[in-house]
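Geometric and topological summary
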Amino acid sequence: MRPEHWMHTIPLRFRSLFHQTQTDQELEDELRDHLERQTEEYVAKGLSPKEARRMALVELGGVEQTKEKCRDARRVRWLQELAQDLRFGLRTLRKSPGFTAVAVLTLALGIGANTVIFSAVYAVLLKPLPFKGSDRLVFIKKKNPPRGWDRNPISPAEILAWRNQSGAFEDLAAYTQRTCVLTGAGEAEEDPCEVISSNLFPLLGVAPSRGRIFSADEDTLRGPRVAILSYGLWQRRFAADENVIGRAFDVNGDSYTVVGVMPSNFSHLYASPYGAPPELWLSGIGLSSTLVWNDYFGVGRLKPGINSQQAQAQMNIVSERIEQMYNDLKGWRAQLMTLRTNASGDSRPALFVLIGAVIFVLLVACANTANLLLARGSGRANEFAVRSALGADKSRIIRQLLTESLVLSLAGGVLGVLLASLGCKALVALAPPFLVKSTPGLAAGATDLRVLAFALVAVTTAAFFFGLAPALQSARPNVAETLNEAGRSALQSARSRRFRSALVVSEIALAMVLLIGAGLMVRTLARLSRVNLGFNPRNVLTLRVPLSGERYKEPQIRAQFWERVVSAVESFPGVEAASVSRGLPISGWDGQFFTILDDPNPPAGQVPAANYVVIGPHYFRAMEIPLRTGRSFNDQDTQSGERVVIVNEELARSYWPGQNPLGKQLRIGDQGPWRTVVGVAGDVLSQGPDGGFNPEMYIPYQQYPWLVEGPKHLVVRTSATVKPESVVRAVTQEIHRVDKNQPVADIATMEDIALEPIKQQRMVMALLTSFAGLALVLSALGIYGVLSYSIAQRTREIGLRLALGADRGSVLRLVVGTGVRLALLGIAAGTGVALALTRLMTDLLYGVRPADPVTFGVVTFVLAATSILACYIPARRATRVDPMVALRYE
Amino acid sequence: MSKPSDLVQGTLDMLLLKILALEPMNGFAVSQRLKQVSGDVLQVSDGSLYPALHKLEQEGWITAEWKTSEYGRRAKYYSLTRLGRRQLEKEADNWGRLSSAISRVIKLKEA
């Protein structure tokens, strides 16, 4: 029934819509025909032609009315009216280009900002994860509450115990992160890679697009060495070779066979703040229930019906059991994180703050546009009164006004989406790298369908809200009154003025909240930039050289390599010092347990631990880390010399309080040679400002006990007048002169590295500041608009006052007083809201309380000053009112 | 006597469909026929007739065609569609049920 029905009706509707003139003509013809026949009929019955025609017309009930009813029957009426409203709306908007430009721009900025922020938020917080049943997947790390350590890697002993004994998991997989140097097919290259257990991919519900996953027998240390390539690596290094399965290539000097290639859309689960996504996966994880070596991460699939709290509790029971067996596991408990939390990292609070902020911006933009439209609406009161008098009903007028605001917001939306694609690029420049990584489209300024959908929703919501207020206001007027008084009555607009004042007050309040947020971030950044890092980050270049491959398994060869490179680089003009190190300040803490000779058996769980930095001789000079007492390392601190160590002040304070640390002895782990403390270095921030100072020990690289992974960062201090970037070429050439097969990676200045942990705060600050600035300008415009309008309305009153002897000062005070009252109301409301909301920012602040009185004070002052300025121009205009002109005004 | 009672809602549609079911005709003829068959009981003004015809056309129940009439005059002729015939059957059924029910009630003997 229905399809047949549509077959008939759809062409009819099209005809009514697009052949309107023709259908109207036909209607006209039909009715005329009817009238003619009816008239003839009556004439035949003996009426005079004139009388006959009159009768026929009466029976038809008025030709125009009947036509109108027939048109109503066509069911496309609303569309035609919409088109009419659109045409009319566009015409009125074109007639006032200033108003239109301001309104469209305001909306575009509001909508654009929202689109940008929501693109980022969607990508980080909302986008569905590409894994089967991802809500039951958890990341497993560990924490040590008594010592305040968290997010630490776990050991195979724990992984196997948790998997087999906790009863919480369907399965639990493990991986460990590595740096792989690929040789054997083309130029040597270095990539992040992972050694994974064979059950990892099945657990995630992903499979290679070519080849297979690892088998269980490949999990053993001595099993076959096989690898799975990422799609990118396969394309790049293996030229998308279809026969790549079975090909052999060298990884860190060992030969591996390719068994699989992951699909291109395998967005990696470790797209997280921590490290770059791996390019290949290796077999041979070699988990053993007795291995306590904290270098692994776990991914578990919870059993149905078990939530992470229950899993946590069950895993804690297992931990309590195994910490009896291994001293090193004392005090450690599993730390579970959903994939989402892991992927968004610490960015959640920042993103939530930004979402709140952009919504405020949109609200300010809407309030401002509503204000503009309302002012216009009052100006058009006469027009609407005339239209109702001519028979337009209220709903028709409201529809007309809503159409106008829809046109405005659509224009704003289109411009806003354009602005958004620019904004995305700006955000990428500001955002911490992991955010960029997890939102690949952002860099391209991509506004995908979801974001467009969002913008559309934002636009329609905006249209609804700011179209409604003026529409309701305008549809209400008492026709007779308006027409009679011709807008003379100030009473008529009193309600409208109150409403507009309320809008301005809320704009100021919103701007206040944004300004407070921005102010707190500015103060935070100021504090952060004054933080004592413990070293001088200026003029320091760092590069990483992995030194992998068969050749460099010998520590002597590694030492020779570094000696040659360092001494050559130190002889460069403009270079003051160069050294090598394993681990750089700010970029992380590599904890290592140690034993103190004076107190060799501390209670389990209180084993001393310190950040473990392996360095070359001139490291302290290159970093400008002060040496508090004792000596620095020198060329005599070699394999054959006395074993030495330099500790930082924090370590000396923690473990030898009130004693002279020089000459004390310690050893790394619980074996190995005892080392004598020969110096005490100043404290350095090892993890950024939030981490504070931690115990650290420095070991000369020639006495480094584990030979697998030695120092790999070259640090070069240039003289104050030489930019560190300018020596990159020379240093790289020097490295390649010594060994042309060594890739050089992670070229960065220490200043960049020092900025890394606060990049998020910088991004939030930059965005909040621009949002707040925008809101400030908009609310200033709001005050200005309201006052200008009310002065225009009260010209007569002001003229009268002046004529009756009021001096211009009192008029000025009257007008400015009105504006300032609005501003103060807004500031009061804003302060209340800000006090309630800034607490949510606590995680982002550093050294500033959310209710920081300085920020609140300064912001209040800025807002008040801006408001007074915005009042001043209309006020000046009021004082210039000429009483005579004003009284003759109407 | 009061004005002849208004047509029951939707009845006009049914009447028009029925009249057009007999033969295709133009609006004027429909108007004449309506007056003719119902006497003066059903007064349908021409002012309501045309909107009703246009509504039926938009529903797809009748279709219109411009034809030249017997006296060489062009006029819009309406005729029933298949959908219209089905609709007429449905409405006639409904009407039959409704009117017989009403007459049964009206004919109840007073005690």
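Provided above is the structure to which this section pertains.
Overview of the structure. Model, not experiment: these values are computed from the prediction.

1. Some thoughts on the packing of helix 2 (residues 20-44) of chain A against helix 3 (residues 49-60) of chain A
All names here are of chain A. Packing of helix 2 against helix 3 brings their axes to within 8 Å, and their N-to-C directions diverge by 130°. What the angle tells us is that helix 2 and helix 3 run oblique. With respect to the hand of their crossing, helix 2 and helix 3 are arranged in right-handed fashion. Counting all contacts with helix 2, which are made through Leu-31, His-34, Leu-35, Gln-38, Thr-39, Tyr-42 and Val-43, the residues of helix 3 involved are Pro-49, Ala-52, Arg-53, Met-55, Ala-56, Leu-57, Glu-59 and Leu-60. Of the residues in the contact of helix 2 with helix 3, the class split is 10 nonpolar, 3 polar and 2 charged.

2. Focus: the pattern of salt bridges
Residue and element names in this part refer to chain A. In total, this model carries 31 salt bridges over all chains according to the counting rule given. Residues Arg-631 and Asp-637 are paired through a salt bridge, measuring 3.0 Å at the closest nitrogen-oxygen approach. By relative accessible area, Arg-631 is classed as partly exposed at 29%. By sharing partners, the salt bridges in this structure join Glu-189, Arg-236, Arg-237 and Glu-279 into a single network.

3. Let's talk about the pairing of strand 2 (residues 149-152) of chain A
It is a general feature of regular strands that their side chains alternate between the two faces of the sheet. With 2 bridges joining them, strand 1 (residues 137-144) of chain A and strand 2 of chain A adopt antiparallel strand pairing. Residue pairing in the sheet places Asn-144 of chain A in a bridge with Trp-149 of chain A of strand 2 of chain A.

4. Side note on a positive patch on the surface
A cluster of basic side chains, namely Arg-87, Arg-91, Arg-94 and Lys-95 of chain A, defines a positive patch on the protein surface. Looking at the secondary structure, you find Lys-95 of chain A in helix 5 (residues 77-95).

5. Brief notes about the sheet that holds strand 1 (residues 25-26) of chain B
Residue and element names in this part refer to chain B. Taken in spatial order, the 3 strands make up an open sheet running 1-3-2, and their pairing is antiparallel. Two strands bound the open sheet, and with one partner strand each, they are strand 1 and strand 2 (62-68). Pairing geometry for strand 2 and strand 3 (residues 74-80), over 7 bridges, is antiparallel. Residue pairing in the sheet places Trp-66 in a bridge with Lys-76 of strand 3. Each of strand 1, strand 2 and strand 3 is contacted by helix 1 (residues 11-22), which is oriented at about 105° to strand 3, the strand it contacts most.

So, how was this worked out
- Residues numbered from 1 in each chain as written.
- Chains lettered and ligands numbered in written order.
- Predicted model: local features only at pLDDT ≥ 70, side-chain atom pairs only at ≥ 80, totals over all residues.
- Heavy atoms only, no water.
- Axes fitted to C-alpha atoms, helices over the stretch in contact; angles between N-to-C directions.
- Helix = DSSP H or I, 4+ residues; strand = E, 2+ residues; numbered from the N terminus.
- Parallel < 35°, antiparallel > 145°, perpendicular 65-115°, else oblique.
- Left-handed = near helix turned anticlockwise from the far one by under 90°.
- Contact = heavy atoms within 4.5 Å.
- Nonpolar A, V, L, I, M, F, W, Y, C, P; charged D, E, K, R; others polar.
- Salt bridge = Lys/Arg side-chain N within 4 Å of Asp/Glu carboxyl O.
- Buried < 20%, exposed > 50% of the residue type's maximum accessible area, 1.4 Å probe, protein only.
- Pairing = 2+ DSSP bridges.
- Patch = residues over 30% accessible without salt bridge, like charges linked within 9 Å, V, L, I, M, F, W, Y side chains within 5 Å.
- Areas by Shrake-Rupley, 256 points an atom, 1.4 Å probe, with all protein chains shown as cover.
- Lys, Arg positive; Asp, Glu negative; His and termini not counted.
- Charge placed at Lys NZ, Arg CZ, Asp CG, Glu CD.

These results come straight from atomic positions and should not be treated as a statement about function.
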